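Each chain, letter by letter, is given below.
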Amino acid sequence: MSNPSRPVELSLDQCLKCNICTTACPVAAVTDLFPGPKYEAPQAGRFRALDAPTSDYSVDYCSGCRVCNMVCPTGVKIAEINARARAIMVQQGKVPALLRLRNNLVARAELLGKVAQPIAPLANFALNLKPARKLAESIFSIHHQAPFPPISSERFTSWFRKHPKPSSPEHKIVYFHGCSTQYYEPRIGRAAVRVLEANGFEVIVPNQNCCGLPLLSNGEFAAARRYHQNNVLNLAPYVRQGIPIVGTSTSCTLTLKEEAPELLDMSDEDTLLVAQNTYDFNEFLLLLAEQGKFNLNLSKLDLSLPYHVPCQYRAHRLGRPGIELLAMIPGLQITESDAACCGIAGTYGYKKEKYNIAMAVGQPLFDFINNFGSPLVVCDSETCRWQITHATSLPAAHPVELLAASYGLPVEGALATILHKEVTHSR
């Protein structure tokens, strides 16, 4: 974890003007509306530091994918500098009112889930009506083709309360489910709970809210701070008992670990305690494997699948824990894409002015998947999965679902259908 007590702007003087970040930037490669990371972050940042006017609106075309951070040879916090510049624009009222309203709408997945989940069938029908989507585009500039996922008819926590607890667990662990699992993909949470239980854990799901990353990405720092403070308040007591936190959403865990503390200048004891004891799901299971504590009773899965490591996941700087974990499943063949980004970047690709940019950024990934010829794609990030399905019409699964299947645990959705076909065919 980087040092959240050191303002990210202080890293701009480390810039060598080598232009590696601009060369690697997937957004600058497809549009002239974003001049590149070097120009918007370290160069423009020097003027902001002198209290000159903020950079022009082009900084808002930074998707926050953090590819620039990963290739920077000197560790400049480019994406974070851009995020803080966007927050300054919001504070100074330089974001048009309708666009700010739009940004707040797409950044509040939890609010949408709470409102729409009780009427999920009706809400899903309305969200897929072309006239309704066109109206949303004309009023709020939410692109009519943006990939809205179906809302689940049951919340993950509703299932979890009814789920029987293991009789004699060896350890306890906190699961941070995030908005996507709670309202849109509860099957991911069910698989995660079952896999953790198969490894001797009693899973605890405390009160929690949105991690706040969509709000951070849209410059709404005040609201994001309230979200993060509330999560820290709910999670810190468990960490103090020696209970770690895991999450299946790569963006949520990165936010708890690093994004929120850095961007919001939060370095209090509890915030740092939560950050230091939060793990990505694959990261945690791989640590168990390295300690000889991972359940290796995995059955064969005769599948060959493409796998995309999301840019938010690479930003964890953990290597490829998902690939290492899936390599333990007998018979499973995983081929990683070399695409930089799927393009969606959280809420970025939902916006009318950025939708075509997002699709162009993701095109190399979509081509890789379409050429692979598999009935299923593997990806760790929920918004990346939705973007992949939107662009390729192929379903996407989280690695934890493959682990659950290999343990012989119940799986759902597209993976269950594919495995059933494989069994039927083998007979």
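Residues numbered from 1 in each chain as written. Predicted model: local features only at pLDDT ≥ 70, side-chain atom pairs only at ≥ 80, totals over all residues. Heavy atoms only, no water.

### Looking at a nonpolar patch on the surface
Turning to step 1, where the next piece is worked out: Together, Ile119, Leu122, Phe125 and Leu129 line one region of the surface with nonpolar side chains, adding up to about 390 Å² of accessible area.
Turning to step 2, where the next piece is worked out: Residue classification places leucine 129 among the partly exposed positions, given a relative accessible area of 34%. (Patch = residues over 30% accessible without salt bridge, like charges linked within 9 Å, V, L, I, M, F, W, Y side chains within 5 Å. Areas by Shrake-Rupley, 256 points an atom, 1.4 Å probe, with all protein chains shown as cover. Salt bridge = Lys/Arg side-chain N within 4 Å of Asp/Glu carboxyl O. Buried < 20%, exposed > 50% of the residue type's maximum accessible area, 1.4 Å probe, protein only.)

### Some words on the sheet that holds strand 1 (residues 171-176)
Turning to step 1, where the next piece is worked out: Strand order in the open sheet formed by 4 strands is 2-1-3-4, and the pairing between neighbours is parallel. A strand with exactly one partner marks an edge of an open sheet, and here the two such strands are strand 2 (201-204) and strand 4 (278-280). Pairwise comparison of adjacent strand axes, ignoring direction, gives a mean angle of 35° for this sheet.
Turning to step 2, where the next piece is worked out: Across 3 bridges, strand 1 lies against strand 3 (residues 245-247) in parallel orientation. (Pairing = 2+ DSSP bridges. Helix = DSSP H or I, 4+ residues; strand = E, 2+ residues; numbered from the N terminus. Axes fitted to C-alpha atoms, helices over the stretch in contact; angles between N-to-C directions.)

### Regarding the pairing of strand 5 (residues 304-308)
Turning to step 1, where the next piece is worked out: Burial runs high along strand 5: 4 of the 5 residues are buried.
Turning to step 2, where the next piece is worked out: Examined bridge by bridge, strand 5 and strand 6 (residues 333-336) share 4 bridges and lie parallel to one another. The partner of proline 306 across the bridge, within strand 6, is threonine 335.
Turning to step 3, where the next piece is worked out: The sheet contact formed by strand 5 and strand 7 (residues 377-379) spans 2 bridges and is parallel. Residue pairing for strand 7: histidine 308 is matched across the bridge by cysteine 379.

### Examining the packing of helix 13 (residues 221-240) against helix 14 (residues 250-263)
Turning to step 1, where the next piece is worked out: Two numbers describe how helix 13 lies on helix 14: the axes approach to 11 Å, and their chain directions differ by 135°. In terms of orientation, helix 13 and helix 14 fall into the oblique class. In terms of crossing hand, the pair formed by helix 13 and helix 14 is left-handed. For the pair formed by helix 13 and helix 14, the contact residues are Phe221, His228 and Leu235 on the first element and Thr255, Leu256, Ala260, Pro261 and Leu263 on the second. (Parallel < 35°, antiparallel > 145°, perpendicular 65-115°, else oblique. Left-handed = near helix turned anticlockwise from the far one by under 90°. Contact = heavy atoms within 4.5 Å.)

### Quick notes on the nonpolar core
Turning to step 1, where the next piece is worked out: Judged by nonpolar contacts, the single largest core of 44 residues is most densely connected at Leu285 and Leu402.
Turning to step 2, where the next piece is worked out: Counting residues per element, this core draws most heavily on helix 11 (residues 186-198), which supplies 6 residues.
Turning to step 3, where the next piece is worked out: Those residues in contact with leucine 402 that lie beyond four places of it in its chain are Leu301, Leu303, Leu305, Leu326, Ile329, Leu332, Val378 and Leu415.
Turning to step 4, where the next piece is worked out: Within the second largest apolar cluster, 29 residues are counted, among which are Ala224, Leu235, Val239 and Val274. (Core = buried A, V, L, I, M, F, W, Y, C linked by side-chain atoms within 4.5 Å.)

### What about the sheet that holds strand 7?
Turning to step 1, where the next piece is worked out: Here we have 4 strands laid out as an open sheet, ordered 6-5-7-8, and parallel in their pairing. Each edge of the open sheet is held by one strand with a lone partner, namely strand 6 and strand 8 (396-397).
Turning to step 2, where the next piece is worked out: Contacts from helix 19 (residues 355-372) reach strand 5, strand 6 and strand 7, with the element oriented near 175° to strand 5.
Turning to step 3, where the next piece is worked out: Where helix 20 (residues 382-392) meets the sheet, it contacts strand 5, strand 7 and strand 8, and its direction lies at approximately 155° from that of strand 7.

### Thoughts on helix 4 (residues 78-91)
Quick reminder: α-helices carry 3.6 residues per turn. Residues three or four places apart thus point the same way.
Turning to step 1, where the next piece is worked out: In a regular helix each residue adds 1.5 Å, so 14 residues correspond to 20 Å; helix 4 covers 20 Å between its end C-alpha atoms and thus fits that length.
Turning to step 2, where the next piece is worked out: For helix 4, the buried fraction is high: 12 of the 14 residues fall into the buried class.
Turning to step 3, where the next piece is worked out: Within helix 4, burial applies to Ile78, Ala79, Glu80, Ile81, Asn82, Ala83, Arg84, Ala85, Arg86, Ala87, Met89 and Val90.
Turning to step 4, where the next piece is worked out: A positive phi of about 70° marks glycine 93, the residue just after helix 4. (Expected span 1.5 Å × (residues − 1).)

### What to know about the pattern of salt bridges
Turning to step 1, where the next piece is worked out: Evaluation of the coordinates by the stated rule reveals 24 salt bridges.
Turning to step 2, where the next piece is worked out: Between glutamate 412 and arginine 194 there is a salt bridge, with its nearest N and O atoms 3.9 Å apart. Taken together, the positions of glutamate 412 in the loop between helix 21 (399-406) and helix 22 (413-426) and arginine 194 in helix 11 put the pair 218 residues apart, joining distant regions of the chain.
Turning to step 3, where the next piece is worked out: Classification of arginine 194 as buried rests on a relative accessible area of 16%.

### Regarding the packing of helix 4 against helix 14
Turning to step 1, where the next piece is worked out: Where helix 4 contacts helix 14, the axes come no closer than 10 Å and their chain directions differ by 45°. Between helix 4 and helix 14, the crossing angle belongs to the class labelled oblique. For the element pair helix 4 and helix 14, the recorded crossing hand is right-handed. Residue-level inspection shows Glu80, Ala83 and Arg84 of helix 4 in contact with helix 14, the latter providing Glu258, Glu259, Glu262 and Leu263.
Turning to step 2, where the next piece is worked out: Each residue belonging to the contact of helix 4 with helix 14 can be placed in one class, and the counts come to 2 nonpolar, no polar and 5 charged. (Nonpolar A, V, L, I, M, F, W, Y, C, P; charged D, E, K, R; others polar.)

### Looking at the side chain of threonine 248
Turning to step 1, where the next piece is worked out: Turning to its location among the elements, threonine 248 is positioned in the loop between strand 3 and helix 14.
Turning to step 2, where the next piece is worked out: Side chain to side chain, threonine 248 and tyrosine 175 meet in a polar contact 2.6 Å long.
Turning to step 3, where the next piece is worked out: Residues within four places of threonine 248 in sequence aside, it is in contact with Tyr175, Phe176, Thr181, Ile188, Ala192, Phe281, Asp380 and His398. (Polar contact = N/O pair within 3.5 Å; in protein donor to acceptor, adjacent residues only side chain to side chain.)

### Notes on the packing of aromatic side chains
Turning to step 1, where the next piece is worked out: Evaluated as defined, the whole model comprises 9 aromatic pairs.
Turning to step 2, where the next piece is worked out: Three or more aromatic residues joined by ring pairs make a cluster, and in this case those are Phe156, Trp159, Phe160 and Tyr175.
Turning to step 3, where the next piece is worked out: Above the ring of phenylalanine 160, the side-chain terminus of lysine 165 is found at 4.6 Å from the ring centroid.
Turning to step 4, where the next piece is worked out: A cation sits over an aromatic face here: lysine 354 above tyrosine 61, 4.8 Å from the ring centre. (Phe/Tyr/Trp six-rings, centres within 6.5 Å; stacked < 30°, edge-to-face > 60°. Lys NZ or Arg CZ within 6 Å of the ring centre and 35° of its normal.)

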